[in-house]
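# Secondary and tertiary structure notes
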Amino acid sequence: MMIKTVKTVEFKDKRVIMRVDFNVPMKDGVVQDDTRIAAAIPTIKYIIAHGAKTLTLMSHLGDPAKDAEKAKAKAEKDGKTFDYDKYIKGKHRMAPVAAHLQKKLGKAAVVVFAGEDGCFGKKAFIDSQKPGTVIMLENTRFHKEETAKDAKDLDKLAKSLAEYGDIFVNDAFGTAHRDQASTASIAKFVPVSVAGLLMEKEVNYLEPVVTNPVKPLVAIIGGAKVSSKIAVLESLLKNASALVIGGGMAFTFLKAQGKKIGKSLVEDDQIDTAKKILEAAKKCGAEIVLPVDHVCADKFDAASKPVAVASVNISDKLMGMDVGPKTLAKYKEVISKAKTIVWNGPVGVFEYDAFAKGTGEVAKLVAEATSRGVITIVGGGDSVAAVNKFGLASKMSHVSTGGGASLELLEGKKLPGIEVTRGREYFIAGNWKMHKTRAESAELAKALVKSLKGGKHKYLAAPSFTSIETVGAILKGSNILLGAQNCSTDEQGAHTGEVSVLQLKDLGVDVIILGHSERRHVYKEDDALINKKMKLALAHGFEVILCVGETLDEREKGKAEAICKRQTEKGLEGISAADLAKVTIAYEPVWAIGTGKTATPDDAQAIHKFIRGLIAKLYGAEAARMIVIQYGGSVKAENAAQLMAMEDIDGALVGGASLKAETFTPIAKFS
Ligand code: PEP
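Residues numbered from 1 in each chain as written. Predicted model: local features only at pLDDT ≥ 70, side-chain atom pairs only at ≥ 80, totals over all residues. Heavy atoms only, no water.

## Observations regarding the sheet that holds strand 12 (residues 294–297)
Overall, antiparallel pairing links the 3 strands, which are arranged 13-12-14 in an open sheet. Strands with a single pairing partner mark the edges of an open sheet, and in this sheet they are strand 13 (307–309) and strand 14 (319–323). When strand polarity is set aside, the average angle formed by the axes of neighbouring strands in this sheet is 40°. Sheet topology places strand 12 next to strand 14; 4 bridges connect them, and they run antiparallel. Across the sheet, residue Val 295 finds its bridge partner in strand 14, namely Asp 322. (Pairing = 2+ DSSP bridges. Helix = DSSP H or I, 4+ residues; strand = E, 2+ residues; numbered from the N terminus. Axes fitted to C-alpha atoms, helices over the stretch in contact; angles between N-to-C directions.)

Put into structure tokens, the structure is as follows:
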């Protein structure tokens, strides 16, 4: 499911609450490095420029409780007095950060600091601000609820923060892996949650590395410890053609291969893991690139004299500190074949100048690859520090602002702060009804496979029963699901003229449309019968589109909501929350189907919102947020974008306009 971003919502006159990562290094109340503040500026400017009434920012800054405890212990050890207030003021209070932000924003917006008494109960203060004001809240970690383990405690702070916004924007990629009140729980209490521009950029670069990279993918993974990188190595192996393993962790791999590593860093308890990874790489056909020569030292010290070791084996008196020239030549060869490069962790002790050459060369090779059009992504604190040291950060496609967050994303994990910004996927379905011979269906299916290739949404083609097999063969491997327009209430038996779920399964059908208005009104299917089919289809693993909608007479009598309520509730009777995840609801006002009359976007939105509310009552807020509700009824290219722009309209069930690729494609590719 795609993340929803600030570009998809209307900010005019809205109050916005945004999580940023302003966890910047501070000394005596002065910001030491404002990279993270600068990274949030585009989203701040975007929201203000789009007319937000107020923009309230929240962030943590260090960890006041833990940091103060440590500083106090140190002061006691050194025989010094410890002034808690002074310490906290200089390191953890947000007022100086707000002042710094004001300097960076200049005339673009006025920044006010909400005060030192926390994040609770500030609503009146925020509401009294002039339009377009940016408000900085105090450090969220002054509240123990921010990092609480118990959901109730998290929710207490989250609810209070949610009072400041009609829209929650999460732009704090650096804290996206934390499941905390201001990063994730808050989304439960605001109507809309979206990602900021920084978060969007991070996700757009990092996520495809795991899900669908432009291949060949070369991963360069370095750093000290195998133990902290096992998950990322395993995850990247699935797609990488080569895994370059460098830094301290390489020696655990070399030892696992029986090589001599001298006094080099090693994790003996990870030798078996290293062997397993080497084995897994063989199975995946991924090349593992380990150092074949080294630059060594007799001890781990900046002043140590570098000793070149031309072979892979290192004598007992030395330790590996950097890679040698033969290894770098190999890196060059491997990197030259990549179309995507992801780099996490240095390949040597780059902090010491005498051992920085290898990491510097890698930075240069990756930068050169960028200029050849290769997608290059650098993540993780140390490798980011390295590209900064070598002045090459601007030469990378993307340098991540998140250490732990970028690593967890590359491990293929779901990050709480990102998950809350995911939107429902648009789902555009074509119902071909009782039209077309097999040859005609095949022609349409072929045209759709071509025209919808690369389309961003979820697609379905539902031909008549006679064409399902033909169309299924054409859709195989495409991004279009195969649908059926109905099924029987029973698996098999004496049901002349009916088609069973078993037969549809046999044909490779993915989705079954049930309760279509023509089934309800022409073939007199009632709610109980539709519910029986729903249960059967879901039990056999199909996705289902449940159609609901009122007739013209019912609408004119003001019964639209009551009809949709009955049909939705009865249709879903006895269906579990787990099965609901496979249900799409299509709101299809009967008077609009095949008539050329379309509900206005506002009228359609009102019913969609009503149906979503019903789902919330039946299955809870999260299920309601996630369920896809399509609109159906004379959808065409001219009205598709307007309808789909409505907050609760998540796609379309299309009849007439689905019969030709020329009319369906613009609907399916609406923007
Ligand atoms: C339908 O058949 O579900 C439908 C909405 O048809 P049309 O798009 O032709 O109104």
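Okay, back to it.
## Considerations on the environment of Val 112
In this structure, Val 112 sits in strand 5 (residues 111–113). On a C-alpha basis, the gap between Val 112 and Thr 56 in space is 9.5 Å, while along the polypeptide they are 56 residues apart. What Val 112 contacts, discounting residues up to four positions off in sequence, is Phe 125, Gln 129, Thr 133, Val 134, Ile 135 and Met 136. (Contact = heavy atoms within 4.5 Å.)

## Section: the sheet that holds strand 19 (residues 458–462)
Strand order in this closed barrel of 8 strands is 18-19-20-21-22-23-24-25, and the pairing throughout is parallel. Taken pair by pair, the neighbouring strands of this sheet meet at an average axis angle of 25°, ignoring direction. Sheet analysis places strand 24 (residues 628–632) next to strand 25 (residues 651–654), joined by 2 bridges and oriented parallel. Residue pairing for strand 25: Tyr 631 is matched across the bridge by Ala 652. Its contacts with the sheet place helix 27 (residues 661–668) against strand 18 (427–431), strand 19 and strand 25, and it is angled at close to 160° to strand 18.

## Focus on the site of the ligand
Of all residues adjacent to the ligand, which total 14 residues, the nearest are Lys 433, Glu 588, Gly 594, Ser 634 and Gly 656. His 516 is positioned with one of its side-chain polar atoms (N or O) 2.8 Å from an oxygen atom of the ligand. Contact between the ligand and Gly 655: an oxygen atom at 2.8 Å from a main-chain N or O atom of the residue. Computed on the free molecule, the ligand has an accessible area of 290 Å², of which 96% lies beneath the protein chains in the complex. Considering only residue class, the shell around the ligand consists of 4 nonpolar, 8 polar and 2 charged. (Near = heavy atom within 4 Å. Polar contact = N/O pair within 3.5 Å; in protein donor to acceptor, adjacent residues only side chain to side chain. Areas by Shrake-Rupley, 256 points an atom, 1.4 Å probe, with all protein chains shown as cover. Nonpolar A, V, L, I, M, F, W, Y, C, P; charged D, E, K, R; others polar.)

## Overview of helix 24 (residues 601–619)
Residues lying three or four places apart along an α-helix face the same way, a consequence of the helix completing one turn every 3.6 residues. Look at helix 24: 26 Å from first C-alpha to last across 19 residues, which is about the 27 Å you get at 1.5 Å a residue. Taken as a whole, helix 24 has its buried residues at Ala 604, Gln 605, Ile 607, His 608, Ile 611, Arg 612, Leu 614 and Ile 615. Of the residues trailing helix 24, Gly 620 is marked for its positive phi of about 100°. (Expected span 1.5 Å × (residues − 1). Buried < 20%, exposed > 50% of the residue type's maximum accessible area, 1.4 Å probe, protein only.)

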